[in-house]
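Letter by letter, the chains look like this.
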Amino acid sequence: GQQVMQIPQYQHVQEGEDFTTYCNSSTTLSNIQWYKQRPGGHPVFLIQLVKSGEVKKQKRLTFQFGEAKKNSSLHITATQTTDVGTYFCVGSGNTGKLIFGQGTTLQVKP
Amino acid sequence: DVKVTQSSRYLVKRTGEKVFLECVQDMDHENMFWYRQDPGLGLRLIYFSYDVKMKEKGDIPEGYSVSREKKERFSLILESASTNQTSMYLCASSPRDRSNQPQHFGDGTRLSIL
């Protein structure tokens, strides 16, 4: 079946360092969404990417959707302690089914 | 602002009990979802519903059932709770849209089965 693999599972960085999480799908996706879940909180929608090769930015966060629409990445520039949490990608397959990545948990050392 | 409310943040039940987890959303969303979240496994879809009285199995429906008698309410039922159902349960809702609208999540229920 359709799968979305997300790596790394965990990442520890020093405050000010950059961070990237990657999602790879076994099949072409119609779109991909990214969510952030703070410790003890619930997932909160960040952004949706639809077009092949699309790049979107939200302040220090940069989201990319691959040309083949099978991979995506989230890059955070100069991490801050407020970036701590788990970041999920959610792909939408050709049947409309949502496929969750396993999430990347980011720890930031002050 | 969308509000998805789950009835309990923490719940402790015993093996064999019938357990009800309630979820209510206030934005007139057609779609509602139940997930469980376990370390290293991410979110896994248990059941979802696209309309009142309608339900569809997700990836891990075994041991669970659901009820959607009203548009705003989606209940998850553990017919006979077992220890391997100890988990964090998240409810979500979204409006009906072909292009997959973002999901709005509740705060979750951390369920422990003893």
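All values derive from a computational prediction rather than experimental measurement.

Let us now look at the sheet that holds strand E1 (residues 4-7) of chain A. All names here are of chain A. What the five strands build is an open sheet, ordered E1-E3-E8-E7-E6; its pairing is antiparallel. Sheet topology places E1 and strand E6 (55-58) at the edges, where each strand pairs with a single neighbour. Sheet twist, expressed as the mean angle between neighbouring strand axes with direction ignored, is 15°. Bridge analysis of E1 against strand E3 (residues 19-25) gives four bridges, and the strand direction is antiparallel. Looking at the pairing, valine 4 lines up with serine 25 of E3.

Counting residues at the interface gives 17 residues for chain A, matched by 17 residues for chain B. Contact between chain A and chain B buries roughly 1,400 Å² in total, counting both sides, with carbon and sulfur atoms accounting for 50%. Linking chain A to chain B there are zero salt bridges. Seen at the junction of chain A and chain B, the total is four residue pairs in polar contact (both at pLDDT 80 or more). Contributing elements (two or more residues each) for the side of chain A that touches chain B: strand E4 (31-37), strand E5 (44-49), strand E9 (85-92) and strand E10 (98-100) of chain A. For the side of chain A that touches chain B, the element with the most residues is E4 of chain A, which contributes four residues. Of the residues contributing to the side of chain A that touches chain B, the split by class is six nonpolar, ten polar and one charged.

Okay, the state of the cysteines next. Residues and elements named next belong to chain A. Per the stated rule, a full pass over the model turns up two disulfides over all chains. Sulfur-sulfur distance for the disulfide between cysteine 23 and cysteine 89 comes to 1.9 Å. Between cysteine 23 and cysteine 89, the disulfide has an S-S torsion of -100° and is therefore left-handed. Residue cysteine 23 is found in strand E3, and its partner cysteine 89 is found in strand E9; the two are separated by 66 residues along the sequence.

The next point concerns the packing of aromatic side chains. Scanning all chains against the criterion turns up ten aromatic pairs over all chains. Here the aromatic rings of phenylalanine 19 of chain A and tyrosine 87 of chain A are separated by 5.9 Å at their centres, their planes lie at 45°, and the arrangement is tilted. Pair noted here: phenylalanine 19 of chain A is in strand E3 and tyrosine 87 of chain A is in strand E9, with a separation of 68 residues, a long-range link. With relative accessibility at 1%, the residue phenylalanine 19 of chain A sits in the buried group. The exposure class of tyrosine 87 of chain A is buried, given its relative accessible area of 1%. Relative to phenylalanine 48 of chain B, the ring of phenylalanine 33 of chain B lies with its centre 6.3 Å away and its plane at 25°, an arrangement referred to as stacked. Of this pair, phenylalanine 33 of chain B sits in strand E5 (residues 31-38) while phenylalanine 48 of chain B sits in strand E6 (residues 42-49), and the two are 15 residues apart along the sequence. The class of phenylalanine 33 of chain B is buried, set by a relative accessible area of 6%. Owing to a relative accessible area of 13%, phenylalanine 48 of chain B belongs among the buried residues under this scheme. Among the aromatic residues, ring-to-ring pairing joins Tyr35, Phe45 and Phe100 of chain A together with Phe33, Tyr35, Phe48, Tyr50 and Phe105 of chain B into one connected group.

Most often, soluble globular proteins keep nonpolar side chains buried together rather than apart. Counting 21 residues, the largest nonpolar core has Ile32, Trp34 and Phe63 of chain A as the members making the most contacts within it. Those elements giving two or more residues to this core turn out to be E3, E4, E5, strand E7 (61-65), strand E8 (71-76), E9 and strand E11 (104-109) of chain A. Judged by nonpolar contacts, the second largest core, of 20 residues, contains Leu11, Cys23, Trp34 and Leu76 of chain B.

Residue and element names in this part refer to chain B. Mapped onto the fold, arginine 36 is located in strand E5. Under the relative-accessibility criterion, arginine 36 is labelled buried at 9%. Within the structure, the side chain of arginine 36 is placed 3.5 Å from the side chain of serine 87, a separation counted as a polar contact.

Residue and element names in this part refer to chain B. Under the defined criterion, the tally for this structure stands at ten salt bridges over all chains. Between lysine 71 and aspartate 28 there is a salt bridge whose closest N-O contact spans 3.1 Å. One end of the pair, lysine 71, is in the loop between strand E8 (64-70) and strand E9 (73-78); the other, aspartate 28, is in the loop between strand E4 (23-25) and E5, and 43 residues separate them in sequence. Note that aspartate 51 and arginine 96 form a salt bridge whose closest N and O atoms lie 3.5 Å from each other. Here arginine 96 lies in the loop between strand E10 (87-94) and strand E11 (104-105) and aspartate 51 lies in the loop between E6 and strand E7 (56-57), a separation of 45 residues in the sequence. On the accessibility criterion, arginine 96 (49% relative accessible area) is partly exposed. Here the salt bridges do not stand alone but share partners, grouping Asp28, Glu30 and Lys71 into one network.

Reading the values: rules and limits
- Residues numbered from 1 in each chain as written.
- Chains lettered and ligands numbered in written order.
- Predicted model: local features only at pLDDT ≥ 70, side-chain atom pairs only at ≥ 80, totals over all residues.
- Heavy atoms only, no water.
- Pairing = 2+ DSSP bridges.
- Helix = DSSP H or I, 4+ residues; strand = E, 2+ residues; numbered from the N terminus.
- Axes fitted to C-alpha atoms, helices over the stretch in contact; angles between N-to-C directions.
- Contact = heavy atoms within 4.5 Å.
- Buried area = accessible area lost by both parts, 1.4 Å probe.
- Salt bridge = Lys/Arg side-chain N within 4 Å of Asp/Glu carboxyl O.
- Polar contact = N/O pair within 3.5 Å; in protein donor to acceptor, adjacent residues only side chain to side chain.
- Nonpolar A, V, L, I, M, F, W, Y, C, P; charged D, E, K, R; others polar.
- Disulfide = S-S within 2.5 Å.
- Phe/Tyr/Trp six-rings, centres within 6.5 Å; stacked < 30°, edge-to-face > 60°.
- Buried < 20%, exposed > 50% of the residue type's maximum accessible area, 1.4 Å probe, protein only.
- Core = buried A, V, L, I, M, F, W, Y, C linked by side-chain atoms within 4.5 Å.

Purely spatial values, then, with no claim about function.
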